[in-house]
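What the coordinates show
Listed below, chain by chain, are the residues.
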Amino acid sequence: MINAGSSSLKYELVDVDAGRSPASGQVERIGDHDGQVTHEIDGHTTTRCVPVADHREAMTLVIDLFAELGPSLVDAGIVAVGHRVVMGGTEIDGPVVVDDELLATIERLSPLAPLHNPANLEAIGVARNRFPDLPHVAVFDTAFFHGLPPAAITYAIDRDIAKKYGIRRYGFHGTSHEYVSATGAHFLGQAMDPSLRQVVLHLGNGASASAVVGGQPLDTSMGMTPLEGLVMGTRTGDIDPAVILHLSRNAGMSTDEIDELFNHRSGMVGLTGEKDMREVHRLIAEGDAQACLALDVYVHRLRKYVGAYAAVMGGIDVLTFTAGVGENDAVVRSEVAAGLAFLGITVDPDLNTAPSRETRAISPEGFPVAVLVVPTDEEL
């Protein structure tokens, strides 16, 4: 499975039947002089610092690492190569076998995901050349949210302009939200319940929320791009669009400068100088008032979305945390739940802080809303 990001490339050899990964890794800081590749085989990790010019070079490096360090891709019994692609637009609602027509579609949609779709194309191109006899399948970040209700996808702007330029809510992190919502329902023994109402909080450096009923999404926080919604590591999340006009008129900032500000110098890093929540907690422990405020802003936005999605669904049965912060940060989980007791949401302090990498409930038994931690596995 290949996951090409804007400046990274993650990969994983997946044994689908066994539900395990014999090898995985990632290439980081693609395009910088101080690139790094990490290759892991059954718990043994090899790390190398090497400049990587682009995603074509990164993909070639990954294949060569398997040949050098193992396991052998020739002997691994690979039956398909999966590629995570960010933007599938309005046309694509599920996995698609890669052919020239699909590649043209991904390229045509690149203006809607300029940092990701071109990188996805580069990785797919190298992989197809190196494995020409295998089927290649594209799995789209937007596909899970393809069927969102019209009221959830439509922005209140001139409809002709919206149609001409593809302005609507697409949603992202779809592979994670689909996997986690299904896993949570299965864990509770309610996989077939069409009325099960879940809010899933995918909290990593990028963060998003979804409202899912009976396995079908009703809403999600990311919009036309991954910028909208929750406070993230480096992204603003929701912000008055007039801020863009204000910065342009009064600060003389260009479109590219504002884009850089909103996507890379905002969120937690903009408020604290740190995008890693562990570092934010360290600053709070040292008495940093700005870090305390940043955490309050982060949690406030999360509570707003949980409450809003409970309203959209007509109630809530399950609140699920996932991804790096969601799976590992007991403080964030506790703070979010502390403001939502009126919805029947609470966490057990001991369950919440107990270390575990397994799917688990952290709410007291018998409470009306199950609060879960579900480790995401987008590759699987």
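One structure accompanies this document, and this report is about it.

Analysis parameters
Residues numbered from 1 in each chain as written. Predicted model: local features only at pLDDT ≥ 70, side-chain atom pairs only at ≥ 80, totals over all residues. Heavy atoms only, no water. Pairing = 2+ DSSP bridges. Helix = DSSP H or I, 4+ residues; strand = E, 2+ residues; numbered from the N terminus. Expected span 1.5 Å × (residues − 1). Buried < 20%, exposed > 50% of the residue type's maximum accessible area, 1.4 Å probe, protein only. Contact = heavy atoms within 4.5 Å. Patch = residues over 30% accessible without salt bridge, like charges linked within 9 Å, V, L, I, M, F, W, Y side chains within 5 Å. Areas by Shrake-Rupley, 256 points an atom, 1.4 Å probe, with all protein chains shown as cover. Salt bridge = Lys/Arg side-chain N within 4 Å of Asp/Glu carboxyl O. Lys, Arg positive; Asp, Glu negative; His and termini not counted. Charge placed at Lys NZ, Arg CZ, Asp CG, Glu CD. Phe/Tyr/Trp six-rings, centres within 6.5 Å; stacked < 30°, edge-to-face > 60°. Axes fitted to C-alpha atoms, helices over the stretch in contact; angles between N-to-C directions. Parallel < 35°, antiparallel > 145°, perpendicular 65-115°, else oblique. Left-handed = near helix turned anticlockwise from the far one by under 90°. Nonpolar A, V, L, I, M, F, W, Y, C, P; charged D, E, K, R; others polar.

Within the open sheet, the 8 strands sit side by side as S5-S4-S3-S2-S1-S6-S8-S7. Their pairing is mixed. Since the sheet does not close on itself, it has two edges, and those belong to strand S5 (44-49) and strand S7 (96-97), each with one partner. As defined by bridge partners, strand S3 (residues 20-28) adjoins strand S4 (residues 36-41) across 6 bridges and the pair is classed as antiparallel. Bridge pairing in S4 places Glu28 opposite Gln36.

Turning to helix H3 (residues 117-130), a few remarks are in order. Between the first and last C-alpha of H3 there are 20 Å, a value that for 14 residues agrees with the 20 Å anticipated at 1.5 Å per step. Buried residues of H3: Asn117, Ala119, Asn120, Leu121, Glu122, Ala123, Ile124, Val126 and Ala127, and no others. Where H3 is buried, its residues contact strand S1 (2-4), strand S2 (9-15), helix H1 (55-69), strand S6 (81-85), helix H2 (100-108) and strand S8 (136-140).

Here we take up a nonpolar patch on the surface. The grouping of Ile157, Ile161 and Tyr165 at the surface amounts to a nonpolar patch, some 300 Å² of accessible area in total. Position of Ile161 relative to the elements: it lies in helix H5 (residues 159-165). For Ile161, a relative accessible area of 43% translates into the label partly exposed.

Looking now at a negative patch on the surface. There is a patch of like negative charges on the surface, built from Asp256, Glu257, Asp259 and Glu260. Residue placement: Glu260 occurs in helix H8 (residues 255-264). Judged by relative accessible area, which is 36%, Glu260 ranks as partly exposed.

Before going further, it helps to spend a moment on the pairing of S4. Across 6 bridges, the pairing between S4 and S5 is antiparallel. Across the sheet, His39 pairs through a bridge with Thr46, a residue of S5. Linking S4 to S5, which pair antiparallel, is a turn of 2 residues; within it Asp42 sits at a positive phi near 45 degrees.

To continue, consider the packing of aromatic side chains. Here the structure, examined in full by the defined rule, presents 3 aromatic pairs. Judged by centre distance (5.6 Å) and plane angle (65 degrees), the ring pair of Tyr11 and Phe66 falls under edge-to-face. With Tyr11 in strand S2 and Phe66 in helix H1, the pair connects residues that are 55 residues apart, well separated along the chain. Take Tyr11: its relative accessible area is 3%, and that puts it in the buried class. You can call Phe66 buried: its relative accessible area is 6%.

Take the environment of Asp32 next. With respect to the element layout, Asp32 can be found in the loop between S3 and S4. Residue Asp32 is classed as partly exposed on the basis of its relative accessible area of 39%. Each C-alpha atom of the pair Asp32 and Ile284 lies 32 Å from the other, and the pair is 252 residues apart in sequence. Asp32 has contacts with Pro51 and Val52, leaving out every residue within four places of it along the chain.

Sheet topology places strand S10 (residues 207-213) next to strand S11 (residues 216-220); 4 bridges connect them, and they run antiparallel. Paired with Ser210 across the two strands is Thr220, which belongs to S11. The antiparallel hairpin formed by S10 and S11 contains 2 residues in its connecting segment, where Gly214 sits at a positive phi of about 55 degrees.

Take the packing of H2 against H3 next. Angle between the axes and distance between the axes: these two values describe a pair of packed helices. Interaxial distance between H2 and H3 falls to 9 Å at its minimum, and their mutual angle equals 155 degrees. Comparing their axes, H3 and H2 come out roughly antiparallel. Crossing of H2 against H3: the hand is left-handed. Across the interface between the two elements, Asp100, Leu103, Ile106 and Glu107 from H2 touch Asn117, Leu121, Ile124 and Arg128 from H3. A per-class count over the contact of H2 with H3 returns 4 nonpolar, 1 polar and 3 charged.

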